Each structure stands twice: as structure tokens, then as C-alpha cells.
Amino acid sequence: MLQIIRNLTWRDGLFSLKSFAAAMLALFVAFRLNLSQPSWSITTVYVVSQPLAGMVLAKSLYRVLGTVTGALMSLVFVALFSNSPELFCLALAIWIGICTSVSVYLRDAPQAYGGVLAGYSAAIIGLPAALTPNLAFDFAVARCLEITLGIACGTLLHHVVFPRRAGDALRKALHATLPNMARWAEDALRGQQAEAKGLADRRQIIASVVSLDSLRVFGALDTPAVRAIDDVIRLFEGKLLSLLAMLVSAYDRLALLHRHQPEIARELQPLAERTAAHIAGSADAATPQQSLEETGSEAGLLAEIDARLPPPEALRSDPESFLSRSFLLRLRDVLALWHEAVWLRTHITAGIHPPQTAAAPSLRPYRDIVFAILVGAISLLTILATSALWIFTAWPNGPTAITYAGIICAIMGARDDPAAAAASFLKMSVVGALVGGIYLLVVLPPLSTYAALVVALAPFYFACGLLLSVGVPAVMPVIFVAGGLTGISNAMTYDFNVFLNDYLSYAVGIGIGGLALRLLRPLGTEWMVRRLTRGVLRDLGRAAGSVVLEARTTFESRMFDRINALLMRLDPMVDAHRAVMQGGFASLRVGLNTLALRRDRRELPPAAMAAVDRALAALAEHFGRTVRSRRTSPLPLLEAARDSVLALDINTVFTRMAESLYGIETTLRQHPAFFGLEVPAQPTPSAESVIA
């Protein structure tokens, strides 16, 4: 805590001050409108408050949509089932399960927040309304007004008063991405990285590249200049993904050369280092003209690469030359993509569209429908269990327990260890109850003016705002529970028994939600790693066997998103984790080579095309069976297809296809355990050994 306090800046203080001012503005308006529960407006302000204005706008928009949708569904349920509590609770449980599944399926997309809100807003509004059906519409309108008021005040203050715009953060991130990538490439191509260090650096670079798309979405909301060049930024993101794939591929091929062909590696090392120097030297180009100044140096490097390429004829007699040729080709690809990325970045910096650019690619994150359905089903069962407790005991506070059980499942269900997160929420709710009790029973009773109330609330909410600004998630349960138990309104009730029963309903709901997650989802991080790995293998199977050929950028974006999710959960210093990380990067190479094969296969004569098709079918079958733990090997068919292609008259397309087949075969042999092959693993360098 002392470390957090020491790290606070004036920006954190400003964020907290704006959040508190927005909350007090919402409270004042709610008092003037004589709304029944103004405390909801205060809590909503802190829920939507985010460091960047674009993030506030996105969260506010989907919170409004989710709240209104939940309110409408609650009215439908009340109209249909108000006379049958069992059917009402069943309909509510199904609805919350569906909304939770949608939210988990969309993952970190802004729209996911709307799914969460549509689910538990139906419980917040519908359960009390079901007890008094004749007032259901008034109750729904009041809750929507209170929540919308908090959203409006929070959005206004954060967007108008000294806003921190997501567009500015995006520009800084875009400017830093290429220099950071250049530093990693320079260390890697110069052989200055240990294996574990290299994997850790890759994890950081991938996370920064993947996060750019979220910043782009938020930046388009709060910065018109970003919105105007949105397609250029998406094109730049696509180039970054392709560049990252090529850098990883070149890095790994140079490592293989050092391991298996050290003499050739030593010959090529100076060329790799000059390429790294060229990349580092051009990373800071600020204008389109500056991005073109290095073309002379680049032309010299490209000429040397072409001169050193083993001729296609050598591939027939010396299969080992595939490796050096593949490294040189990847180096050439890196130079071309780097030039394009720098050129695009300078146009983004200048805020102009470059001439004659391709269409912006479609970037798609990964989705896990099975996992989403699982979490939704857990939410459904939890709501049913809590509803049964309410119905059979006739507990007056049962609806509150149902609401909090649903909230816990909705916001915690997708985490790696949701039960632990729910337990933490429960612990912090005790802190919130203590704060709420002190305010309700000691601080608030003597107060009689709005100004005095503001002064009294300032210490608590200003401290919470500071903790929110530095990313302390544990503060939200405190705000939720303290605000709910205090229940600030024009007609206050200072009753300890009511306070105690209210908190018991919170604790029971949170506890039931956590218990359900512990019993129904006991699997943690290791299970998520296995699930992500199976998803990677399924993607490879689809790349090899799908009816429609997927665009390269679409495949890269989804694969990097999965790899990023894997890397977040793995430690490169642990041998088993390092093997999975290496396998994830190897999967990217296998997938790209597979897509290249499918793109070019129609150029082959019928016999060779049939051999390649058999190899692709074997890959699709193998990866499908690996997911189901049934092992087959596509290696013989890959080797046969390569021999068939090499037997043809040499041309550029046939050589490229032979290289793709060799690349897939070699990569599978290098990571047999990850890809489900029963082949002896090739020697791999230790974490301490220096590789290129």
C-alpha cells in the first residue's frame, strides 16, 4: 500500500477528483428528481470511470444498452410470470445464463460489457418488481434513470474536464511500437538473448501489438483525427502482425542454423546484424520522406541476401540448404514489411492517408463458444439454487442474494480461478460493510444539508478514486457494498437490523456464487492453458482443411491473440511452460506455411497437386485427432509431397511450395510433444545458452 501511495501522481488525483465531482453531481440531480435510490447513481459513476475518455464512452454506451435491455426483459418476465415465482426465477436464470455466455464469448470486446449488464440488470430490476407487479414499470424507470444519470455525469466530467484521450495514448503506443520491436530484433539477430529472455521479450512485444486494436477502438470514440485514419491504423496493425510473424520466424531459423549448421550460421551472422542495425536506424523516422531515406541501405541488404540464396536446384541434392534459404527469405520479408510498417506509421503520425494502399485487413480475436456456454450454464444453475433458497425459506432479502450470486458468476466466471476471485470479493465486501456501517450509523444521522453530505463522503470516495486510478480492482467490491448498504436517499432509514440483514443477503449471494464456481469450475490456469493449446491446434486443422481459404491477416490476428493469452499464463523460466510457448510460436509458422500451400497448390500439375492435397488432408486430420488425443503422423505424406514438388521443373512457385512443405515438416519435428507426434525431440538449447 505504501508503494502505491508513493507512486501516485497528479493525474491520479485529478482522476479521483473528477470521479468524485461526477458522483456528487449525479447525487444532487437524483435528490432534485426525488429518485428512490440515488446511491445507484454514485456507484454507477465509479463503475464507468476509466483513465481514458474513450474507454469511459465505450463503457457508458454499453452500460446504457445493457441496462435498458435488462429492464425491458425484467418487465417481460414480470408480465408473464409474476404469479409464479418458480417460472419467474427459471426465466431469469436462463436470461442471465445467456447474457453471461455472450459476455464470455466476446471476451474483452467493449460489447461484452453490455452482455454482463443486460443479465444482472434484469435481476436488479426484475426481482423487486416481481414482488409488486403493479409498480414494476415505475420501478424499472427509476432504476434506469438512476443508472443513466450516473453514466451521464461520469461521461461528462471525464470527457470535458481535462480529458485524457485514448487517441493520444494510441499515438504514443504507435510511436513506441516500432522502436521496441527494433530493439528486440536487434538483440535477437545479434545473438544477444538467452532463450527464456527471448520468450519474455516476445511476450511483451506481442501484448503491446495486440493491445493496439483496443486503443484504436477507444481512440476513434474520443479523437476525431484517429477516426479519420482508422483504416490506415488497421492496415498498420496488420503489417505489424505480419512483421512480428516474420521476425519470430527469422529468429527461430537462425537459432536452428546455429544449432545444426554452425559454419553457415557464422557466415550469415554479419548479414543478420547489419539487417538489425538497419531496422534500428530507421525505427524513428518521423515523416514519409524520412522513411524513404534508408532505401539505399535496404537495397544493398536485399542484393546481398539474393546473392547468398542457395539456388533452387541445390534443394534437390542438399535438403539442408532449405534451412539457410528459408532464413534468408524471411530476412528479406522482414526488410520489406519493416519498410512498409515505417512508411505507414509516418503517415499515421502526420494524420494523412498514404497513396495507393491496400484495403484494411480484417482483424479477428479468438472466440471460445464451448467455454462461454459452460460459464453461462454455471450462472444459470447458481441463480436456480439461490432462487430455491429464497422460495423455500421465504427470506425477505432473498432477491438481493440472487442478484449478487448472478453478479459474481457474470463477472468472475471467465477468470482462470473464479472461486479465488469470488473469495477475494467476499473479503473486500466485509471492508465495504464496515465502511457502510460507520457511515450509516455514525456519520450520516447528524447531517441535514447536501454540502455536509458531500464533505462527509469525500474522504472515502476520493480514496477509492485514487485506488481505481492505479488499477487496484479490489476497491470495486468496497464501493459496491458500502454504497448499497448506505442507501443514500431523501428518506434515510438508520436501522442496524435492516443494515445487518442487507449485508447478510450480500454475503450469502456472493458466497453461493463463489461456492458454485468452486464446485462447477474447479479447473484453473493449467486447464485454460490446455484449452488454449487445443484451440491453436484446431486453428491449424481449419487452416489445412477448411473449405474457404482464410486470409493471412485474419489467421495471424487470431493466432497472435491466442498466443498472447497463452503467454500471459506461462513463465518462460519454467521448462514445461517454455516448451508450450515455443510450440505456440511454432504453430504460427505451421499455419502460415499451410495457408501458402493452399494458396499456390492449383499451380501444380495434377499428380503433384494430389500429393500436396494428401499432405494437407493428413495435417487437418492429425490436428483434429490431436485435439481428441488420438495420435497420427502426417510426416511421411509431407515428405512425399515435397519430393513430388522437387521433381518438377524448377520455378518460383514450385520452389516456394517445397520450402513451405519443408518448413512444416521441420517445425513439427522440432516440437513433437506440442503437436502430438511420437517422434524423438531434437536437442533444444538450455535457458542459459545464447542463441540468435
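As the structure is a computational prediction, the values presented were derived from the model and not from experiment.

Colleague: Quick question: what am I supposed to make of the overall build of the chain here?
Modeller: When you go through the chain residue by residue, the secondary structure sums to 29 helices and two strands. Relative to its length of 692 residues, the chain is compact, with a C-alpha radius of gyration of 29 Å against a globular reference of 26 Å. Reported as C-alpha extents along the three principal axes, the dimensions of the chain are approximately 90 × 55 × 45 Å. Within the chain, the fraction of its 692 residues that count as buried is 54%. Put simply, of all contacts in the chain between residues at least 6 apart along the chain, 78% involve residues at least 24 apart. Total accessible area computed for the chain in this model is approximately 28500 Å², and 62% of it derives from carbon and sulfur atoms.

Colleague: Please explain the packing of helix 18 (residues 398-412) against helix 19 (residues 418-443) as it appears in this structure.
Modeller: The description of two helices packed together rests on the angle between their axes and the distance between the axes. It is at 10 Å that the axes of helix 18 and helix 19 come closest, and there the two elements cross at 130°. Between helix 18 and helix 19, the angle falls in the class oblique. Note that helix 18 runs across helix 19; the crossing there is right-handed. In this structure, helix 18 contributes Ile408, Ile411 and Met412 to the contact, and helix 19 contributes Pro418, Ala421, Ala422 and Phe425. Residue composition of the contact of helix 18 with helix 19, grouped by class: seven nonpolar, no polar and no charged.

Colleague: Which parts of the structure should I look at to understand the pattern of salt bridges?
Modeller: A side chain with one charge can pair with a side chain of the opposite charge if their charged atoms come near. Per the counting criterion, the structure on display carries 27 salt bridges. One salt bridge connects Asp539 with Arg558, and the closest N-O pair in it is separated by 3.3 Å. Placement of the pair is Asp539 in helix 23 (residues 525-545) and Arg558 in helix 24 (residues 552-568), with a sequence separation of 19 residues. By relative accessible area, which is 11% here, Arg558 ends up buried. Between Asp613 and Arg601 there is a salt bridge, with the nearest N and O atoms lying 2.6 Å from each other. Placement of the pair is Asp613 in helix 26 (residues 606-627) and Arg601 in the loop between helix 25 (575-600) and helix 26, with a sequence separation of twelve residues. The class of Asp613 is partly exposed, set by a relative accessible area of 27%. With a relative accessible area of 15%, Arg601 lands in the buried category. The network of salt bridges with common partners includes Asp213, Arg216, Asp230, Arg234 and Glu237.

Colleague: What am I meant to see in the packing of helix 5 (residues 85-106) against helix 6 (residues 111-131) here?
Modeller: Between helix 5 and helix 6, the least distance of the axes is 6 Å, while the angle of their chain directions is 165°. Classified by the angle between their axes, helix 5 and helix 6 sit roughly antiparallel to one another. In this structure, helix 5 crosses over helix 6, and the sense of that crossing is left-handed. Of the residues in helix 6, those touching helix 5 at Phe88, Leu92, Trp95, Ile96, Cys99, Ser103 and Leu106 are Gln111, Ala112, Gly115, Val116, Ala118, Gly119, Ala122, Ala123, Gly126, Leu127 and Ala130. Its residues assigned to classes, the contact of helix 5 with helix 6 comprises 13 nonpolar, five polar and no charged.

Colleague: Sorry, what's going on with the packing of aromatic side chains here?
Modeller: Geometry of an aromatic ring pair is reported as the spacing of the ring centres plus the angle between the planes. Within the structure shown, the criterion is met by twelve aromatic pairs. Relative to Tyr450, the ring of Phe28 has its centre 5.3 Å away and its plane inclined at 65°; by these criteria the two rings are edge-to-face. Remark: Tyr450 occurs in helix 20 (residues 450-469) and Phe28 occurs in helix 2 (residues 10-32); sequence separation between them is 422 residues. Taking relative accessible area as the criterion, Tyr450 reaches 29% and is therefore assigned partly exposed.

Colleague: How do you make sense of the nonpolar core when you look at a structure like this?
Modeller: Grouped burial of nonpolar side chains is what soluble globular proteins tend to show. Counting 114 residues, the largest nonpolar core has Met181, Leu243, Phe327, Trp338, Val612, Leu668 and Phe675 as the members making the most contacts within it. Per-element accounting of this core gives the leading share, 17 residues, to helix 11 (residues 230-260).

Colleague: What am I meant to see in the environment of Leu257 here?
Modeller: The residue Leu257 is located in helix 11 in this model. A residue is classified by how much of its surface remains accessible, and Leu257, at 0% relative accessible area, is buried. Taking the C-alpha atoms as reference points, Leu257 and Leu323, 66 residues apart in sequence, are found 7.1 Å from one another. The contact partners of Leu257, leaving out residues within four places of it in the chain, are Pro262, Ile264, Ala265, Leu268, Leu323, Ser324 and Phe327.

Colleague: Got a minute to help me understand the confidence of the model for the chain in this structure?
Modeller: Close reading of the predicted structure is inappropriate where its pLDDT is low. In the predicted model, the chain carries a mean pLDDT of 87, and 95% of its residues have values of at least 70. Low pLDDT, under 50, characterises residues 681-692; the stretch is placed with 33 contacts to residues that sit more than four places away or in other chains.

Colleague: Whenever I open this one, helix 2 confuses me. Can you help?
Modeller: The α-helix advances 3.6 residues per turn, and as a result positions three or four apart in sequence lie on the same side. In a regular helix each residue adds 1.5 Å, so 23 residues correspond to 33 Å; helix 2 covers 33 Å between its end C-alpha atoms and thus fits that length. Two residues or fewer past helix 2, Asn34 is found with a positive phi of approximately 55°.

Colleague: Looking at this structure, how should I read a nonpolar patch on the surface?
Modeller: Residues Ile438, Leu441, Val442, Tyr494, Phe496, Leu500 and Leu504 make up a contiguous nonpolar surface patch of about 630 Å² in total accessible area. Elements with a contribution of two residues or more to the nonpolar patch: helix 19 and helix 22 (496-520). Judged by its relative accessible area of 47%, Phe496 falls in the partly exposed class.

Colleague: What is the right way to look at unusual backbone geometry in this model?
Modeller: Peptide bonds are mostly trans, and most non-glycine residues show a negative phi. Although it is not a glycine, Asn34 adopts a positive phi angle of roughly 55°. By relative accessible area, Asn34 is classed as exposed at 55%. In this structure, Arg107 is a non-glycine residue whose phi angle is positive, near 55°. With respect to the helices and strands, the residue Arg107 is situated in the loop between helix 5 and helix 6.

So, how was this worked out
- Residues numbered from 1 in each chain as written.
- Predicted model: local features only at pLDDT ≥ 70, side-chain atom pairs only at ≥ 80, totals over all residues.
- Heavy atoms only, no water.
- Helix = DSSP H or I, 4+ residues; strand = E, 2+ residues; numbered from the N terminus.
- Rg over C-alpha atoms; globule rule 2.2 N^0.38 Å.
- Buried < 20%, exposed > 50% of the residue type's maximum accessible area, 1.4 Å probe, protein only.
- Contact = heavy atoms within 4.5 Å.
- Areas by Shrake-Rupley, 256 points an atom, 1.4 Å probe, with all protein chains shown as cover.
- Axes fitted to C-alpha atoms, helices over the stretch in contact; angles between N-to-C directions.
- Parallel < 35°, antiparallel > 145°, perpendicular 65-115°, else oblique.
- Left-handed = near helix turned anticlockwise from the far one by under 90°.
- Nonpolar A, V, L, I, M, F, W, Y, C, P; charged D, E, K, R; others polar.
- Salt bridge = Lys/Arg side-chain N within 4 Å of Asp/Glu carboxyl O.
- Phe/Tyr/Trp six-rings, centres within 6.5 Å; stacked < 30°, edge-to-face > 60°.
- Core = buried A, V, L, I, M, F, W, Y, C linked by side-chain atoms within 4.5 Å.
- pLDDT = per-residue confidence, 0-100.
- Expected span 1.5 Å × (residues − 1).
- Patch = residues over 30% accessible without salt bridge, like charges linked within 9 Å, V, L, I, M, F, W, Y side chains within 5 Å.

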